[in-house]
Amino acid sequence: MNTFWHLWVFILTTAFFVLMFYVIFKYWRSNKTANEEKVLDTFDNIEERDAPAPKFLFTAYFIAFVMSIIYLVLYPGYGDWSGLLDWKQSDDKLSSPVTTLDKQMSTISDYSLVNLAGYEEVVQSGEILFQTHCAACHRSNAQGQTNFPNLIDNHWLYGGTDEAILTSIKDGRNGVMPGWKGILTQEQIQDISYHITSLNGRNSDAPAVKLKIGESLFGQYCSSCHGDGKQGNPLIGAPNLSNSIWLHGGSLGEIQTTISFGLNSVMPSFKDKLTQNQILAVAAFITRSRLSYDTKLAKLNKTSVKRGEYLAQAGDCIACHSAIGGEPFAGGLPFVTPFGTVYSTNITPHVDEGIGSYNFEEFKDVLVSGKGKHGYLYPAMPYTSYQYVKDSDMHALWDYLQSIIAVPRRNDENKMIFPSNIRLGLLGWDLVFMDKTPLSYEVPANLKSSIDDVEKWQKGKYWVMGLGHCSECHTPRNFAQALETDRIFQGNLIDGWNAPAIDANELFIDGWDLKSLTDFLNTGDSSKGTAFAGMADVVKNSLSHMTRDDVESIAYYLLKGDEGNTISPDAVKLSPTGFTKQALTSETYKLFSDTCGACHGKDGKGREGIAPTLLHNGIIMHSDPFNTIAVTVRGLSPSYIDEQTDYMPMASFAEILSDQELAGLISFVRHYLGDRKEAVTAEQVTHVRKLLEKAGYTGGLHTTPQMYINRDPDIDIE
């Protein structure tokens, strides 16, 4: 700074002090003549009086003057005065990249990024430069966000070599993908998106024919850049579509948007903003961060991670923590309650959007106590069941969740009504409704004679009551959405279906045995029918990934029962006769033959590849006819669990048969094919239909992934 500017700063600073001293002195003098009773003016009937200035004001100004003078004595700022401490701008760490980086780099001969990452001073300089120039897009920890890539993993669109990384920073990148809207129909775009999500094993609930069509269209329109979609092309920045990394969002809706409108993704050039040494320092910081993350992952016990993956599947974590058609574990699934809508959270290891900032103890607090870093959790998170998970399994689950891809999807804002939106109130919910009594694995005395394999029963109880959290869906809830534990496994209404009663008494009466129930849970297909709706998702995402032995233990425990869940001494197994000669001559059978027989067979025993059996079907035999009514009103899509056992879609009969006709038909089927003699009334059918219409579940259409994506998440059946 030259003499002119030194003098200019000296004059302005002195003038400011003189002016402020004059103002304070003037007000201090005027205090002696101030008259609080004197009215100076009136505004909107509010009087302004000539009151003296408060002494606190003068005290505060005095302190400010003293601190300012001390600062100007110690530090430069008053003309060319350097200050008693002789502080210089170069001492500021923020200036070190500019003033000391060249000196740091001059002592280094090996400019490879791995080598530079070992120099603490270079990395610190690179971090400061990164925060200034890069963090706005790539986040302060370089983990990225939607549309801006994660720089601390080993997945690089343009390659992860030193040359490629430095070129990206120096020259920038411009990734262009054409939009296909107007060339492809919306249905073709959807089919391609189904195929793309299937490349990494994600189940989109799309039929096999759609996946085949999508694969063909992908080969025709996308393969020139993406190949078969499983490798990527670093030369042009075409991503690998078979992993779980989605730079521009990986939900079905976001993928379809990308295909429809294309992309023009620009990384700016920094060659005119940063020197070569500064570019090297930024790259060194990124490399250090990546190596640190690699080290963190390498420390994870592989056996524990594998066990954790199994446990995550057993707990069906992906089902709740993935939106319909969304990225795995990235959250966004709505849970509609009487108090508002709660959205599941991102549980990937992203520091800003997921649980990457959690430690194990904080993670355990979530699982066991329902206490997150940002407040108490709503009981939509089944911590009331997860409290029974063993510590060793919690550690394994934690290790696995640390190993998965970090997804930068932001959590949705919950829409809860007052006072439910006050998180602290959930502590009161826990105190009143959460039973923290440790789970007992002692076989009840009245069941010891019927349980011949205690170890299997205990294992089954651990899965059912803990990670399996079966009671969370299959148990009624009270006014506060707490489980009615005295009615455990007695059924509950969810998403327009009845999660049916699965207590030991119901299962016994309905004729389930160990093989049929294990088949049903493990494969979704059994001699007593097939899984559909939410249960099909449980089989797909969870139970089908478990060992047959573990699933059999679940079935064993459910069939044998437990304390407060026993088979009544008066219980009698149902024994459907099938259609008798008398039934075959009735008018209702003619209606059955015309509407149901074509698919389910004239005898109701089903047709392979077309429709499942109705004879001995667990839903037909169930004491509650809700699901049987709901199926006829809203139709049913195949489960798409296994192409070999999938059935044809079932159309809705809501616009074909009256409620009276449906009541008669359902009563007829339940009587002869389910041995349920209680007649279903037209009023029951009307009640179910109105509930489903209110929730938007009817319309005579087959369910598709697109219907779920576009459905209003705030509509509920109640």
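Residues numbered from 1 in each chain as written. Predicted model: local features only at pLDDT ≥ 70, side-chain atom pairs only at ≥ 80, totals over all residues. Heavy atoms only, no water.

Concerning the packing of helix α23 (residues 514–523) against helix α25 (residues 548–560)
For step 1, the next point in the chain: Put simply, α23 and α25 touch, their axes get as near as 9 Å, and they point 125° apart. On the basis of their axis angle, the class for α23 and α25 is oblique. Crossing angle aside, the handedness with which α23 passes α25 is right-handed. Contacts between α23 and α25 involve Leu514, Lys515, Leu517, Thr518, Asp519, Leu521 and Asn522 from the first element and Arg548, Val551, Glu552, Ile554, Ala555, Tyr556, Leu558 and Leu559 from the second.
For step 2, the next point in the chain: Here the contact of α23 with α25 is built from residues that sort into nine nonpolar, two polar and four charged. (Axes fitted to C-alpha atoms, helices over the stretch in contact; angles between N-to-C directions. Helix = DSSP H or I, 4+ residues; strand = E, 2+ residues; numbered from the N terminus. Parallel < 35°, antiparallel > 145°, perpendicular 65-115°, else oblique. Left-handed = near helix turned anticlockwise from the far one by under 90°. Contact = heavy atoms within 4.5 Å. Nonpolar A, V, L, I, M, F, W, Y, C, P; charged D, E, K, R; others polar.)

Examining a nonpolar patch on the surface
For step 1, the next point in the chain: On the surface, a cluster of nonpolar side chains totalling about 660 Å² of accessible area is made up of Phe418, Ile422, Leu424, Leu427, Leu431 and Val432.
For step 2, the next point in the chain: Checked against the element boundaries, Leu427 lands in helix α19 (residues 425–433). (Patch = residues over 30% accessible without salt bridge, like charges linked within 9 Å, V, L, I, M, F, W, Y side chains within 5 Å. Areas by Shrake-Rupley, 256 points an atom, 1.4 Å probe, with all protein chains shown as cover. Salt bridge = Lys/Arg side-chain N within 4 Å of Asp/Glu carboxyl O.)

What about the UniProt feature "transmembrane region" (unreviewed entry) in the chain?
For step 1, the next point in the chain: Taking the UniProt record as the reference, the feature "transmembrane region" (unreviewed entry) is found at residues 6–25 and 56–78.
For step 2, the next point in the chain: Secondary structure across residues 6–25 comprises 100% helix and 0% strand; the distance between its end C-alpha atoms is 29 Å.
For step 3, the next point in the chain: A helix fraction of 83% and a strand fraction of 0% characterise residues 56–78, whose end C-alpha atoms lie 28 Å from each other. (UniProt positions renumbered as here; feature names shortened; annotations may be inferred.)

A few points about the packing of aromatic side chains
For step 1, the next point in the chain: One pass over the full model with this rule turns up 21 aromatic pairs.
For step 2, the next point in the chain: Where Tyr71 meets Tyr75, the ring centres are 5.2 Å apart and the plane angle is 25°; that geometry is what we call stacked.
For step 3, the next point in the chain: The class of Tyr75 is partly exposed, set by a relative accessible area of 29%.
For step 4, the next point in the chain: A centroid spacing of 5.1 Å and a plane angle of 70° characterise the contact between Trp497 and Phe532, whose relative ring orientation is edge-to-face. Of the two residues, Trp497 sits in strand β11 (residues 497–499) while Phe532 sits in the loop between β13 (529–530) and α24 (533–541), which places them 35 residues apart along the sequence. For the residue pair Trp497 and Phe532, the accessibility class agrees, reading buried in each case.
For step 5, the next point in the chain: By the ring-pair criterion, three or more aromatic residues cluster together here, those being Phe579, Tyr589, Phe592, Phe668 and Tyr672.
For step 6, the next point in the chain: A cation over an aromatic ring shows up here: Lys390 above the ring of Tyr462, its NZ or CZ 5.0 Å from the ring centre.
For step 7, the next point in the chain: One Lys or Arg, Lys456, reaches over the ring of Tyr556 and ends 5.6 Å from the middle of that ring. (Phe/Tyr/Trp six-rings, centres within 6.5 Å; stacked < 30°, edge-to-face > 60°. Buried < 20%, exposed > 50% of the residue type's maximum accessible area, 1.4 Å probe, protein only. Lys NZ or Arg CZ within 6 Å of the ring centre and 35° of its normal.)

Examining the nonpolar core
For step 1, the next point in the chain: The biggest cluster of nonpolar side chains holds 62 residues, and the ones touching the most others in it are Trp463 and Leu558.
For step 2, the next point in the chain: Only α14 (302–314), α16 (360–369), α17 (383–386), α18 (391–403), α20 (454–465), α23, α24 and α25 provide two or more residues apiece to this core.
For step 3, the next point in the chain: Of all the elements, α25 adds the most residues to this core, at seven residues.
For step 4, the next point in the chain: In contact with Trp463, not counting residues within four places along its chain, are Arg307, Tyr310, Leu311, Ala314, Gly468, His469, Met546, Asp550, Ser553 and Ile554.
For step 5, the next point in the chain: One finds Ala583, Ile629, Tyr672 and Leu673 within the second-largest nonpolar core, a separate group that totals 34 residues. (Core = buried A, V, L, I, M, F, W, Y, C linked by side-chain atoms within 4.5 Å.)

Remarks on the sheet that holds strand β5 (residues 334–337)
Across a sheet, strands are paired by hydrogen bonds formed along the backbone, either parallel or antiparallel in direction.
For step 1, the next point in the chain: An order of β5-β6-β9 is seen for the three strands of this open sheet, with the pairing classed as antiparallel. A single partner strand is all that each edge strand has here, and the edge strands are β5 and β9 (415–416).
For step 2, the next point in the chain: With two bridges joining them, strand β6 (residues 340–343) and β9 adopt antiparallel strand pairing. Its bridge partner being in β9, Gly340 is matched across the sheet by Met416. (Pairing = 2+ DSSP bridges.)

A word on helix α6 (residues 120–133)
For step 1, the next point in the chain: In this model α6 runs 20 Å from its N-terminal to its C-terminal C-alpha over 14 residues, within 8% of the 20 Å that 1.5 Å per residue would give.
For step 2, the next point in the chain: All of the buried residues along α6 are Val122, Val123, Ser125, Gly126, Leu129 and Phe130. Seen end-on, α6 carries its buried residues on one side only, within an arc spanning 160°. (Expected span 1.5 Å × (residues − 1). Arc of directions from axis to C-beta.)

Examining the UniProt feature "domain: Cytochrome c" (unreviewed entry) in the chain
For step 1, the next point in the chain: The UniProt feature table records "domain: Cytochrome c" (unreviewed entry) at residues 121–200, 209–290, 303–405 and 583–673.
For step 2, the next point in the chain: From the first C-alpha to the last, residues 209–290 spans 41 Å; its make-up is 51% helix and 6% strand.

Considerations on unusual backbone geometry
For step 1, the next point in the chain: Phi at Asp495 is positive, roughly 50°, even though this residue is not glycine.
For step 2, the next point in the chain: Taking relative accessible area as the criterion, Asp495 reaches 49% and is therefore assigned partly exposed.
For step 3, the next point in the chain: Even without being a glycine, Asp675 presents a positive backbone phi close to 60°.
For step 4, the next point in the chain: Taking relative accessible area as the criterion, Asp675 reaches 16% and is therefore assigned buried.

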